[in-house]
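# Coordinates in review
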Amino acid sequence: MMKKQRLREKTQADVKKSKQTTFDRLPKQKSTHPIKNPEKQILIAQLKHTIKEEELELLVIFQLLPTQKVFSNVMLEIFFDDNKLNTYLINIPPSQLLSNELEFPIKMDMKNIQPGEHAIKVEMTEPGSTGKKLTNTTQYSIIQYTPVRRQDRYVKVPIVQKIEGAFRIILPHEKELYQKLQKSRDQELKSKKEQW
């Protein structure tokens, strides 16, 4: 009888210990470090460009600071000579695999654009949930635009056109023979003229 009583008490104690934690009975833990929200920054490291035939390739190289893990959406606006060209929304998922420098390529159609100096402006912003800008940065680049034409890429070598007549290289020992032939031809022509 005593054994059964002890077994029952032990089972009740085990059941109390094994009860699943619910929201009303969460274990109390104290946070040792308050979570800081570090100030976010976007840095445009470089604006690289390549001029091609009726096309300009722009590469925006940027960094997300303090770490790329805290960013999710970045808005990139591009301006050409103070005219807004386009707006891009770049989604950056939090990942340990992202490098410190991110690249965003842009191709611009340059048909009918005048050669000379042109200003390119890139503005990057992270909009907050309330519409307020969390961080913002701008970078300018002045490019000297000279269109590359297809014919400029050709090798400039003149083409020799057909030369009328027959030509032959005469070696020194053959020269005397040719002179004799030319003399006899000239005499033959002279005698034919005299006969007319």
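Described in the following lines is the structure provided in the data block.

Calculation rules
- Residues numbered from 1 in each chain as written.
- Predicted model: local features only at pLDDT ≥ 70, side-chain atom pairs only at ≥ 80, totals over all residues.
- Heavy atoms only, no water.
- Helix = DSSP H or I, 4+ residues; strand = E, 2+ residues; numbered from the N terminus.
- Contact = heavy atoms within 4.5 Å.
- Salt bridge = Lys/Arg side-chain N within 4 Å of Asp/Glu carboxyl O.
- Buried < 20%, exposed > 50% of the residue type's maximum accessible area, 1.4 Å probe, protein only.
- Pairing = 2+ DSSP bridges.
- Axes fitted to C-alpha atoms, helices over the stretch in contact; angles between N-to-C directions.
- Phe/Tyr/Trp six-rings, centres within 6.5 Å; stacked < 30°, edge-to-face > 60°.
- Lys NZ or Arg CZ within 6 Å of the ring centre and 35° of its normal.

## A closer look at the side chain of S141
- Among the secondary structure elements, S141 is positioned in strand 7 (residues 133-145).
- With sequence-adjacent residues up to four places away left out, S141 is seen in contact with L47, H118, A119 and I120.

## Details of the pattern of salt bridges
- Considering all chains together, one arrives at 5 salt bridges under this definition.
- A salt bridge links K52 to E57, with the shortest nitrogen-to-oxygen separation between them at 3.1 Å.
- For E57, a relative accessible area of 22% gives the class partly exposed.
- The salt bridge partner of K107 is E57, with a shortest N-O separation of 3.9 Å. A residue pair is termed long-range when its members are at least 10 positions apart, and K107 in strand 5 (residues 101-109) and E57 in strand 2 (residues 55-65) qualify at 50 residues.

## A short note on the sheet that holds strand 2
- One open sheet accounts for 3 strands, arranged 1-2-5; its pairing is antiparallel. Both edges of this open sheet fall to strand 1 (41-52) and strand 5, since each of them pairs with a single strand only. In this sheet, adjacent strand axes meet at a mean angle of 20° when their direction is disregarded.
- When strand 2 meets strand 5, the two strands line up antiparallel, connected through 9 bridges. Residue pairing for strand 5: L58 is matched across the bridge by I106.

## Re the sheet that holds strand 4 (residues 83-91)
- The antiparallel open sheet is built from 4 strands, whose spatial order is 4-3-6-7. The open sheet has two free edges, formed respectively by strand 4 and strand 7, since each of these has just one partner strand. With direction set aside, neighbouring strand axes in the sheet form an average angle of 15°.
- Here strand 3 (residues 73-80) runs beside strand 4; their pairing, made up of 8 bridges, is antiparallel. Paired with E77 across the strands is T87, a residue of strand 4.

## Examining the pairing of strand 6 (residues 116-127)
- Counting buried residues along strand 6, 9 of its 12 residues qualify, which places the element largely inside the surrounding structure.
- Strand direction decides the pairing type here: strand 3 and strand 6, joined by 6 bridges, are antiparallel. Bridging across to strand 6, I78 finds its partner in V122.
- In the sheet, strand 6 pairs with strand 7 via 12 bridges, with the strands oriented antiparallel. Looking across to strand 7, one finds that H118 is bridged to I143.
- Taking the residues between adjacent antiparallel strands as the criterion, strand 6 and strand 7 are bridged by 5 residues, where G131 takes a positive phi near 95°.

## Brief notes about the packing of aromatic side chains
- Summed over all chains, the structure comprises 1 aromatic pair.
- The residue whose ring lies beneath K121 is F79, and the NZ or CZ to ring-centre distance is 4.4 Å.

Shape descriptors only; they carry no functional weight alone.
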